[in-house]
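These are the residues of each chain, in order.
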Protein chains: 2
Amino acid sequence: MVSDRGLEVLRVIVQDYVASREPVGSKTIVERHSFGVSAATIRNDMAQLEEEELIAAPHTSSGRVPTDKGYRVFVDQLTEVRPLTSAQRQAIETFLGQAVDLDDVLSRTTRLLSQLTNQVALAQYPSFGSARIRHIEVVALGPSRVMTVLITDTGRVDQRLLEVQGGHPPIDMDDQFLNELRTRLNAELGGTALADAAERLRSFASTFPPERAPFVAAIAGCLAEQVVANRQDRLVMAGTANLARTESDFSGSIYPVLEAIEEQVILIKLFGEMEIDADGVSVSIGHENQGFGPGAQGLSETSVLASGYTASGGSMARLGVLGPTRMDYSNNMAAVRAVARYLTRLLSANEKHEEQ
Amino acid sequence: MVSDRGLEVLRVIVQDYVASREPVGSKTIVERHSFGVSAATIRNDMAQLEEEELIAAPHTSSGRVPTDKGYRVFVDQLTEVRPLTSAQRQAIETFLGQAVDLDDVLSRTTRLLSQLTNQVALAQYPSFGSARIRHIEVVALGPSRVMTVLITDTGRVDQRLLEVQGGHPPIDMDDQFLNELRTRLNAELGGTALADAAERLRSFASTFPPERAPFVAAIAGCLAEQVVANRQDRLVMAGTANLARTESDFSGSIYPVLEAIEEQVILIKLFGEMEIDADGVSVSIGHENQGFGPGAQGLSETSVLASGYTASGGSMARLGVLGPTRMDYSNNMAAVRAVARYLTRLLSANEKHEEQ
DNA sequence: TATTAGCAGTCAGGCAAGGTGAGTGCTAAG
DNA sequence: CTTAGCACTCACCTTGCCTGACTGCTAATA
């Protein structure tokens with residue numbers, strides 16, 4: 001029902017509204033853009049757009065504002081992701097290049113992304129997924145306390161404390177036994193995909209003499225927990241202060257938004273649902289964020305851009321930005337895409353290096 | 001210059017202002033508190049308090065508001081930290097008791113504290129300080145990549161990646177050598193205070209045959225870095241959303257506040273400067289937060305409460321809350337103190353357990 | 001049929017005037 | 001030292017008015 005010019009009108013409405021933060025009227029449109037038609041014609045087009053619920057008027061005699069649906073059409077059909085400036089590319093390379101470990105990479109990534117977009121930047125730790133066990137460490141911290149450390153080939157290190165209940169006789173954690181245990185654990189599990197590790201761990205204790213078995217079982221249980229640890233889904237974020245700066249973009253307080261962000265579960269779920277086509281950026285707009293648990297309605301006036309990056313081991317994770325629905329989609333999508341790509345390259349470069 | 005009753009007046013002004021968010025006048029005071037004198041008398045007292053710059057009037061015909069200096073006097077002389085309710089104590093115990101490792105403890109601590117106070121809660125990782133090395137791990141991740149893991153008796157695990165430049169001949173990282181290296185590192189350094197470890201590491205490589213020395217030196221250097229890693233000063237925080245809820249307590253936007261908080265350096269410095277007397281709570285009010293670097297003026301309308309806790313190994317770290325100067329000092333100081341105490345008990349209980 | 005000009009109608013937001021009430025400082029008396 | 005009384009100030013609210021930016025509609029035009 002909407003003519004080509006109508007879509008063009010929608011585009012400039014979105015662009016002008018994002019830039020000016022003010023409802024845009026027919027007159028302003030003909031003034032700022034050369035449509036070659038009069039304001040009245042634009043008004044007719046706008047009437048159609050309104051009928052399609054792509055724009056709306058805050059009050060009777062004001063200009064129009066894009067609806068969530070309008071943004072959706074804009075993002076799907078009208079936006080072309082323009083490449084970053086070379087200065088920005090430069091910034092990405094130099095800033096991310098200095099990272100020393102995964103924590104650092106993600107911390108830098110989010111800080112960088114929040115600077116590029118002036119929004120809240122989010123990055124998910126790579127899920128264990130297809131990662132493999134590189135090394136297992138068991139360290140005695142005291143007569144009844146043990147620490148297990150799980151190191152994966154993705155560079156992830158996960159430690160856990162274990163209190164061993166005193167047995168009869170008291171468990172003997174001499175170094176020699178721990179050495180043996182460590183050796184056998186690594187022999188049995190080294191190189192195993194995490195997905196399979198839990199299975200193997202279950203039967204691991206039975207290969208030990210009965211008096212050792214309960215202790216070993218405890219350790220194995222602990223490691224099994226680590227394997228499926230929910231930690232794998234931790235989020236890093238940066239630039240929450242940007243929300244305060246764009247505060248006027250929210251009808252009420254930014255409190256519910258901040259709250260929803262702190263409740264990382266919501267974002268993780270949301271990230272999980274957003275499907276990313278190859279090297280694309282996926283967008284979830286306003287009400288589309290609904291339904292990811294209580295508190296998610298705090299995100300009803302925000303949009304989330306997400307892209308995926310692959311860490312070494314082929315495990316996939318998400319990164320993106322969150323901001324008010326009225327954001328510069330074009331620029332932000334470009335930034336997310338560029339950073340995601342660079343991140344993939346950075347992490348798989350390590351990978352290659354490692355495999356050679 | 002200020003009479004006893006004058007101080008009492010200051011107290012109720014602070015209390016009423018904190019509770020009502022509105023300037024409090026002489027009439028309201030005599031109505032709500034039984035001073036046994038008339039409003040006019042209170043007015044005289046208030047005139048004196050104003051002369052001492054303990055209170056101020058936002059505009060000519062309005063009630064008074066405490067100044068930073070007024071809050072200072074209130075905190076120093078007029079507040080008694082009332083004990084928590086038993087329900088609150090209960091909450092602390094059950095919530096913190098479930099923690100599995102140090103990360104978890106601090107994450108839970110901040111979430112709890114932010115709930116108890118409705119402010120932003122902060123906790124510093126225990127500084128290595130007097131901590132000792134418990135265990136060192138060296139893991140080959142590939143032909144030219146090594147990961148070093150440093151585990152301290154405070155339960156801290158710090159890993160780092162190391163790219164080893166190909167030598168002549170290419171470095172041989174067979175398991176046997178790594179085993180030897182690991183053993184010697186632990187023999188040499190296990191139990192060493194971190195403060196001394198860097199020293200010893202410097203000469204460590206020289207005890208190896210020349211063809212191994214460069215490689216070992218690289219590893220030792222990497223470990224030395226870890227020992228003095230700035231990471232030791234990381235902060236955990238929770239409840240930033242609370243800032244948005246108390247937004248009206250700030251004259252401008254909360255943007256500079258959020259920004260200052262993200263810039264953890266400022267808070268870490270501030271924490272460092274605040275001196276904590278035994279089991280006390282230290283308070284830094286408004287302008288007192290100034291001078292901790294650019295961005296610190298974002299904190300000019302906030303107060304920071306801090307207490308210390310001792311982790312195992314006797315290392316001291318801070319935890320506290322941050323909120324608008326107009327906060328419930330009495331309650332918040334109680335909460336900070338109680339949580340700090342409990343945390344110390346929790347961590348040193350482990351310690352004891354471990355030493356027995 | 002698509003476009004345009006013109007016109008009447010709507011309504012948010014800004015501005016000024018006036019009233020209200022909370023709160024003060026001062027003074028003189030108890 | 002305390003109190004009552006009084007004049008004064010000033011933020012804040014309400015009301016009314018005006019302006020300007022829009023719109024939707026209609027009738028003329030290409």
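Residues numbered from 1 in each chain as written. Chains lettered and ligands numbered in written order. Predicted model: local features only at pLDDT ≥ 70, side-chain atom pairs only at ≥ 80, totals over all residues.

1. Topic: the overall build of chain A
Counting its regular elements, chain A contains 13 helices and 10 strands. Each of the 356 residues in chain A was classed as buried or not, and the buried ones make up 43%. In chain A, once contacts between residues fewer than 6 apart in sequence are set aside, the share between residues at least 24 apart is 62%. (Helix = DSSP H or I, 4+ residues; strand = E, 2+ residues; numbered from the N terminus. Buried ≥ 20, exposed ≤ 12 C-beta atoms within 10 Å, placed from the backbone. Contact = placed C-beta atoms within 7 Å.)

2. Here's the deal with the nonpolar core
Ranked by size, the top nonpolar core spans 141 residues in total, and within it Val339 of chain A together with Val339 of chain B carry the most contacts. Among residues more than four places away in sequence, those in contact with Val339 of chain A are Ile92, Thr109, Leu112, Leu113 and Leu319 of chain A. Of all hydrophobic cores here, the second largest spans 48 residues; its members include Leu201, Val216 and Cys222 of chain A together with Leu194 of chain B. (Core = buried A, V, L, I, M, F, W, Y, C linked by C-beta atoms within 7 Å.)

3. With respect to the relation of the copies chain A and chain B
Of the transformation superimposing chain A on chain B, the axial component is 0.1 Å and the angular component is 180°, with the fit at an RMSD of 0.2 Å. What we have between these two chains is a two-fold relation. (Least-squares fit on C-alpha atoms with pLDDT ≥ 70 in both.)

4. Concerning the sheet that holds strand β10 (residues 316-324) of chain A
Residue and element names in this part refer to chain A. The 5 strands lie next to each other as β7-β3-β10-β9-β8, forming an open sheet whose pairing is antiparallel. The sheet is open, and its two borders are formed by β7 (235-238) and β8 (282-285), each paired with just one other strand. Each neighbouring strand pair of the sheet contributes to a mean axis angle of 20°, computed without reference to strand direction. Judged from the 9 bridges that link them, strand β9 (residues 302-310) and β10 form a sheet pairing that is antiparallel. Within the sheet, the bridge partner assigned to Gly308 lies in β10 and is Arg318. The strands that helix α6 (residues 102-117) touches are β3 (120-124), β7 and β10; relative to β3, the one it contacts most, it runs at about 150°. (Pairing = 2+ DSSP bridges. Axes fitted to C-alpha atoms, helices over the stretch in contact; angles between N-to-C directions.)

5. A look at the protein's contact with DNA strand D
Close to DNA strand D lie 21 residues, the nearest being Gly25 and Ser26 of chain A together with Val37, Thr60 and Ser61 of chain B. Elements that contribute at least two residues to the surface near DNA strand D include exactly α2 (26-32) and α3 (39-51) of chain A together with α3 (39-51) of chain B. Of the residues assigned to the surface near DNA strand D, the class counts are 5 nonpolar, 12 polar and 4 charged. (Near = placed C-beta within 6 Å. Nonpolar A, V, L, I, M, F, W, Y, C, P; charged D, E, K, R; others polar.)

6. Re the interface of chain A and chain B
The figure often quoted for interface size is the accessible area lost as the parts come together. Counting from both sides, the interface comprises 29 residues of chain A and, opposite them, 29 residues of chain B. Those elements giving two or more residues to the side of chain A that touches chain B turn out to be β4 (133-142), β5 (145-152), β6 (157-163), α10 (241-245) and α11 (255-262) of chain A. At 6 residues, β4 of chain A tops the list of elements feeding residues into the side of chain A that touches chain B. For the side of chain A that touches chain B, a count of residues per class yields 13 nonpolar, 6 polar and 10 charged.

7. Digging into the protein's contact with DNA strand C
With respect to spatial proximity, 22 residues lie near DNA strand C, and among them Val37, Thr41, Thr60 and Ser61 of chain A together with Gly25 of chain B are the closest. Per-element tally for the surface near DNA strand C: the top contributor is α3 of chain B, with 5 residues. By residue class, the composition of the surface near DNA strand C is 6 nonpolar, 12 polar and 4 charged.

8. Describing the sheet that holds strand β9 (residues 302-310) of chain B
Note: strands within a sheet are paired through backbone hydrogen bonds, in either parallel or antiparallel orientation. Residue and element names in this part refer to chain B. The strand order β7-β3-β10-β9-β8 describes an open sheet built from 5 strands, whose pairing is antiparallel. Pairing within the sheet leaves two strands with one partner each, and these edge strands are β7 (235-238) and β8 (282-285). Looking at each pair of strands side by side, their axes are set apart by 20° on average, direction ignored. Where helix α6 (residues 102-117) meets the sheet, its contacts fall on β3 (120-124), β7 and β10 (316-324), and the angle it forms with β3 comes to roughly 150°.

9. Side note on the environment of Asn186 of chain B
All names here are of chain B. Tracing the backbone shows Asn186 in helix α7 (residues 175-189). Assessed through the 16 C-beta atoms surrounding it within 10 Å, Asn186 is described here as partly exposed. The spacing of Asn186 and Ile133 is 53 residues in sequence and 8.6 Å in space, taken between C-alpha atoms. Beyond its immediate sequence surroundings of up to four residues, Asn186 is in contact with His135 and Ile136.

10. What about the packing of helix α5 (residues 86-97) of chain B against α6 of chain B?
Residues and elements named next belong to chain B. Axis separation between α5 and α6 bottoms out at 10 Å; the angle between their running directions is 160°. It follows that α5 is roughly antiparallel to α6 by the angle criterion. You can see that α5 and α6 cross each other, and the crossing is right-handed. Across from Gln88, Ala91, Ile92, Phe95 and Leu96 in α5, the residues of α6 making contact are Val105, Arg108, Thr109, Leu112 and Leu116. (Parallel < 35°, antiparallel > 145°, perpendicular 65-115°, else oblique. Left-handed = near helix turned anticlockwise from the far one by under 90°.)

So far we have only geometry, and geometry alone does not tell us how the molecule works.
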